[in-house]
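# A closer look at the structure
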Amino acid sequence: MMTAFWTEPDFDDHELVEVIRDRASGLTAIIAIHSTHLGPAGGGARFWHYAEPADAMRDALRLSRGMSYKNAMAGLPAGGGKAVILADVARSKTPEMLSAFGDAIEALGGRYVTAEDVGMAEADMAAIARRTDHVSGLPVENGSAGGDPGPFTAMGIYLGIKAAVAHRLGRDSMDGVHVAVQGVGSVGGGVSRLLARDGARLTLADIDGPRVGALAEQLGAATVDPSRIMEVECDVFSPNALGAILDDAGIARLNAPIVAGGANNQLARPEHGLALAGRGILYAPDYVINAGGIINVTLEYVARRNGEHCGVDEVHSRIAQIPGRLTRIWRESEESGLTPDMVADRMAQASIGR
Ligand code: NAD
């Protein structure tokens, strides 16, 4: 049965949902703008093969709303949007498709600003930028905002973990604090290096054996099989790989008083925030703690549009606000009895006038 997207449970009064079909290049894409209340809708473009077109629509609706919340909580002058490009099974991507996608963004006149997401690379962003200025995350000179968001995301998570340890365990040093890290890629690897520098005790896991082995040796960390990382008895479990790991089974396995990491969409469903609280586990809402990368690319875009320069110092001073924001959320959660993810959602909704 055919249903209209505005009857989907994920439709949340999105300001604009556009379907782009370019016959010449074969591009099929959806651009969803959830809110421009705080500024142009910022959010990445995902290049993915979906079994059903309805799955692509759901992703666009859900992820664009998520970007509204994330940008609002990061204090950025940006609304929330997301694009999904519907790839074929072989995920063939052509320069013509990227040009047509760039033209579609340009036609929106700056209401949507794209960036890299799953399936897109920096070179793809450069190709899109030949057709429109409304792109963030382009290569920049050293010392300027922009470029690879991973290290900035890692910095925010590291500061967030320290704030969680201070709040929940009353410890103001990471020396000897045991952190179990799931996924040591761009983000998790960066977090591990920063924590190791502070004397934290690390247990690492990754499905990429050589990668985790090399990092563990470099940092003097322990490793466990990826299937066991959520059970490790530790002070902090830091998920930096997959989403939806905090489901009934995952939460039951946890052996840590704190969950704080960078993976997107960690809670399988909203009620899993309550399940964590029920076990007395302090949760750092994912889109608040992992905002370092979006702060970096948004400041790059805003500076470029205004013909100004933004240095990395400004990015770092904004990232330094993440721990204070988390602490406010946890305090309000304790006062109100709402879970931290609910408190964060409410704060974000208020900021975007919803
Ligand atoms: P990445 O691809 O560089 O690293 C992910 C790592 O996780 C890889 O080393 C991979 O082998 C590992 N992994 C995959 N499945 C695993 C499993 N089952 N168990 C253990 N390890 C597993 O990606 P990234 O950029 O580091 O992103 C990590 C997470 O953070 C993702 O959820 C991403 O959406 C989120 N995130 C990233 C950024 C950023 O700036 N890169 C910003 C916000 C959120």
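Cut-offs applied
Residues numbered from 1 in each chain as written. Predicted model: local features only at pLDDT ≥ 70, side-chain atom pairs only at ≥ 80, totals over all residues. Heavy atoms only, no water. Salt bridge = Lys/Arg side-chain N within 4 Å of Asp/Glu carboxyl O. Helix = DSSP H or I, 4+ residues; strand = E, 2+ residues; numbered from the N terminus. Buried < 20%, exposed > 50% of the residue type's maximum accessible area, 1.4 Å probe, protein only. Axes fitted to C-alpha atoms, helices over the stretch in contact; angles between N-to-C directions. Parallel < 35°, antiparallel > 145°, perpendicular 65-115°, else oblique. Left-handed = near helix turned anticlockwise from the far one by under 90°. Contact = heavy atoms within 4.5 Å. Nonpolar A, V, L, I, M, F, W, Y, C, P; charged D, E, K, R; others polar. Near = heavy atom within 4 Å. Polar contact = N/O pair within 3.5 Å; in protein donor to acceptor, adjacent residues only side chain to side chain. Areas by Shrake-Rupley, 256 points an atom, 1.4 Å probe, with all protein chains shown as cover. Right-handed = clockwise from strand over helix to strand, strands pointing away. Pairing = 2+ DSSP bridges. Phe/Tyr/Trp six-rings, centres within 6.5 Å; stacked < 30°, edge-to-face > 60°. Lys NZ or Arg CZ within 6 Å of the ring centre and 35° of its normal. Domains from an automatic or database assignment. Buried area = accessible area lost by both parts, 1.4 Å probe.

## Remarks on the pattern of salt bridges
- Evaluation of the coordinates by the stated rule reveals 18 salt bridges.
- Across the salt bridge formed by Asp103 and Arg131, the nearest N and O atoms sit 3.0 Å from each other. Here Asp103, found in helix 2 (residues 95-107), pairs with Arg131, found in the loop between helix 3 (122-128) and helix 4 (150-169); they are 28 residues apart in sequence, far enough to count as distant.
- When its relative accessible area of 34% is taken as the criterion, Asp103 is described as partly exposed.

## Brief notes about the packing of helix 5 (residues 186-197) against helix 6 (residues 209-219)
- Running from amino to carboxyl end, helix 5 crosses helix 6 at an angle of 10°, the nearest separation of the two axes being 11 Å. For the element pair helix 5 / helix 6, the angle class is roughly parallel. With respect to the hand of their crossing, helix 5 and helix 6 are arranged in right-handed fashion. Counting all contacts with helix 5, which are made through Gly189, Ser192, Arg193 and Ala196, the residues of helix 6 involved are Leu215, Gln218 and Leu219.
- A breakdown of the residues in the contact of helix 5 with helix 6 according to their chemical character gives 3 nonpolar, 3 polar and 1 charged.

## Describing the site of the ligand
- Around the ligand, the structure places 21 residues, and the nearest of them are Thr153, Ser186, Val187, Asp206 and Arg211.
- At 3.4 Å, a backbone N or O of Gly262 approaches an oxygen atom of the ligand.
- When the ligand sits alone it has 840 Å² of accessible area, and the protein chains cover 72% of it.
- Contributing elements (two or more residues each) for the shell around the ligand: helix 4 and helix 5.
- Partitioned by chemical class, the residues of the shell around the ligand number 8 nonpolar, 9 polar and 4 charged.

## A few points about the pairing of strand 8 (residues 201-205)
- Among the 5 residues in strand 8, 4 count as buried, and that is most of the element.
- Viewed along the sheet, the connection from strand 7 (residues 178-182) through helix 5 into strand 8 turns out right-handed.
- Relative to strand 9 (residues 222-223), strand 8 runs parallel, the two sharing 2 bridges. Looking at strand 9, one finds that Leu204 is bridged to Thr223.
- Crossover connection from strand 8 via helix 6 to parallel strand 9: handedness right-handed.

## Comments concerning the environment of Asp313
- Mapping Asp313 onto the fold places it in helix 11 (residues 312-319).
- For Asp313, a relative accessible area of 63% puts it in the exposed group.
- Note: C-alpha distance between Asp313 and Ala145 (168 residues apart in sequence) is 8.4 Å.

## What about the packing of aromatic side chains?
- In the structure shown here, the tally under the stated rule is 1 aromatic pair.
- Measuring from ring centre to ring centre gives 6.1 Å for Tyr69 and Tyr287, while their planes differ by 55°; the resulting arrangement is tilted. Placement of Tyr69 in helix 1 (residues 53-73) and of Tyr287 in helix 9 (residues 286-289) is noted, with a sequence separation of 218 residues between them. An identical accessibility class is assigned to Tyr69 and Tyr287; each is buried.
- In this arrangement the basic side chain of Arg91 is found over the ring face of Trp48, its NZ or CZ atom lying 4.5 Å from the centre.
- The ring of Phe47 carries the charged tip of Lys93 above its face, separated from the ring centre by 4.9 Å.

## Re the domain arrangement of the protein chain
- Partitioning the protein chain into structural domains gives domain 1 (5-128) and domain 2 (150-289 + 323-351).
- Distance between the C-alpha centres of domain 1 and domain 2: 28 Å.
- On the domain 2 side, the residues contacting the 10 residues of domain 1 number 12 residues.
- In this assembly, domain 1 packs against domain 2 so that about 860 Å² is buried in total across both faces, 61% of it on carbon and sulfur atoms.
- Looking only at domain 1, the three residues that lose the most surface to domain 2 are Tyr69, Lys70 and Met73, adding up to 72% of its buried area.
- Counting across the interface, domain 1 meets domain 2 through 0 salt bridges.

## Details of the sheet that holds strand 9
- Ordered in space as 9-8-7-10-11-12, the 6 strands form an open sheet in which the pairing is parallel. This sheet does not close on itself; its edge strands, each paired only once, are strand 9 and strand 12 (282-283).
- Of the strands in this sheet, strand 7 and strand 8 touch helix 5, which is tilted by about 165° from strand 8.

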